Amino acid sequence: MADALYPLLLDSTLHVKVWGGQKLGTEMGKNLTEDAPYGESWELHDSSVVLNGAHEGKTVSDLIVEYGNALIGTQFDPSEGLPLLVKLLDATQWLSVQVHPDDEQARELEGDPRGKTEAWIILATEPDAKLVIGVNPGTSQEAMADAIKNGKLEDMLEYATVQPGDVLYMPANTVHAIGPGILLYEVQQSSNVTYRLYDWGRMGLDGNPRELHIEKGVTVSNLETLPDVQHPDGELMVNGKFFQTTRHVLDGDMLSFTTEGVFHSLTCIEGSVRIEHPSELVELEKGDTALIPAMLPGNYGLVGNGTVLRSFMV
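Residues numbered from 1 in each chain as written. Predicted model: local features only at pLDDT ≥ 70, side-chain atom pairs only at ≥ 80, totals over all residues. Heavy atoms only, no water.

Turning our attention to helix H2 (residues 60-67). Since the α-helix turns once every 3.6 residues, residues separated by three or four places project in the same direction. Burial in H2 covers these residues: Val-60, Leu-63, Ile-64 and Tyr-67. Seen end-on, H2 carries its buried residues on one side only, within an arc spanning 105°. Buried residues along H2 sit against strand S1 (8-11), strand S4 (49-50), helix H3 (69-72) and strand S19 (289-292). Two residues or fewer past H2, Gly-68 is found with a positive phi of approximately 55°. (Buried < 20%, exposed > 50% of the residue type's maximum accessible area, 1.4 Å probe, protein only. Helix = DSSP H or I, 4+ residues; strand = E, 2+ residues; numbered from the N terminus. Arc of directions from axis to C-beta. Contact = heavy atoms within 4.5 Å.)

All right, on to the pairing of strand S12 (residues 182-189) then. On any regular strand, side chains alternate: one points to one face of the sheet, the next to the other face. With 8 of its 8 residues buried, S12 lies for the most part within the structure. Across 8 bridges, the pairing between strand S5 (residues 84-91) and S12 is antiparallel. What sits directly across from Val-86, in S12, is Val-187. As paired strands, strand S7 (residues 118-125) and S12 are joined by 7 bridges and run antiparallel to one another. Paired with Thr-125 across the strands is Ile-182, a residue of S12. (Pairing = 2+ DSSP bridges.)

With that settled, the discussion passes to the pairing of strand S16 (residues 243-258). Sheet topology note: the strand S15 (residues 236-239)/S16 ladder contains 3 bridges and is antiparallel. Within S16, the residue paired with Leu-236 across the bridge is Thr-246. Connecting the antiparallel pair S15 and S16 is a turn made up of 3 residues. In the sheet, S16 pairs with strand S20 (residues 299-313) via 14 bridges, with the strands oriented antiparallel. By the bridge assignment, Leu-255 is partnered in S20 with Leu-302.

Right, let's talk about the sheet that holds strand S11 (residues 177-178) for a bit. Strand pairing in a sheet relies on backbone hydrogen bonds. The paired strands run either parallel or antiparallel. Read from one edge of the open sheet, 3 strands run S9-S8-S11, paired in antiparallel fashion. Of all the strands in the sheet, just strand S9 (157-161) and S11 have a single pairing partner and so form its edges. Taken together, the 2 bridges between strand S8 (residues 130-135) and S11 define a ladder with antiparallel strand orientation. Across the sheet, residue Val-132 finds its bridge partner in S11, namely Ala-177.

With that settled, the discussion passes to the sheet that holds strand S3 (residues 38-44). Ordered by their spatial adjacency, 7 strands build an open sheet running S2-S3-S5-S12-S7-S10-S14, and the pairing between neighbours is antiparallel. Edge positions in the sheet fall to strand S2 (13-21) and strand S14 (229-230), since each of these pairs with one other strand and no more. As paired strands, S2 and S3 are joined by 5 bridges and run antiparallel to one another. By the bridge assignment for S3, Leu-14 is matched with Ser-41.

Evaluated as defined, the whole model comprises 13 salt bridges. Residues Lys-87 and Glu-40 are paired through a salt bridge, measuring 3.6 Å at the closest nitrogen-oxygen approach. Placement of Lys-87 in strand S5 and of Glu-40 in strand S3 is noted, with a sequence separation of 47 residues between them. With respect to class, Lys-87 is no different from Glu-40; both count as buried. Between Glu-276 and Arg-274 there is a salt bridge; the shortest N-O distance is 2.6 Å. (Salt bridge = Lys/Arg side-chain N within 4 Å of Asp/Glu carboxyl O.)

Structure below.
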């Protein structure tokens, strides 16, 4: 049955956010249908719709039901959906300060199969763009909870200035936030469990304050260490416990890959490239994403003039 699978071009899903802007259109080629603050483009997720070939119009979830481990790999349970989520984000204001539980905490607190470890690859920045990378090491849970309740969490946050090419790998339990003037690629464990700790005194799109999750958020927060912002100069961008991301720069040459039973997510972040496989040819323009099934027969190639981020589970 795996021989009915081929490289799948995916339709992105755009999300308006109070902190978003227009760069997903101007910089990443997305079709923004209105003058609204678009913050997220979901590139790879369960409800992604296939745009090419015999499975055109089906969702990734449909194909997981149909093909199971042939699509996502034998190490994952198809009933738990796609284990990886890829997004593009455009921030013109601060995102809320958040934290995510690890796998064990997600099962215990929410009954979810997995928590959320994630990583950000910075694509573009305005001058002096910053991320929140945690709170002052050694802060107590009690002090953090009091600061949130009194609107003072900002005083204990730790920041890092970033530039294009920087990478922040954030294990679950890392307190974090994206600052204004940043366009980035996000790869993460597929999980919706987010505990919002602080929202800068801002109202949501409905005009009301957004909910905070103080008790659970403080409980799962890492208050002892901070992650390091890296600036990799080779192919390997993210080398994490759950996933890796590699960067491939093509200049008219061809690169060849085999899946070895692991699905690949390919996102073009510059120029254009073509995925070549006997079953299907897929053109990727800047901002496009494709899913390579885990049990794709043989090798596939990347050829063109552009840059691709390739993410996969480990």
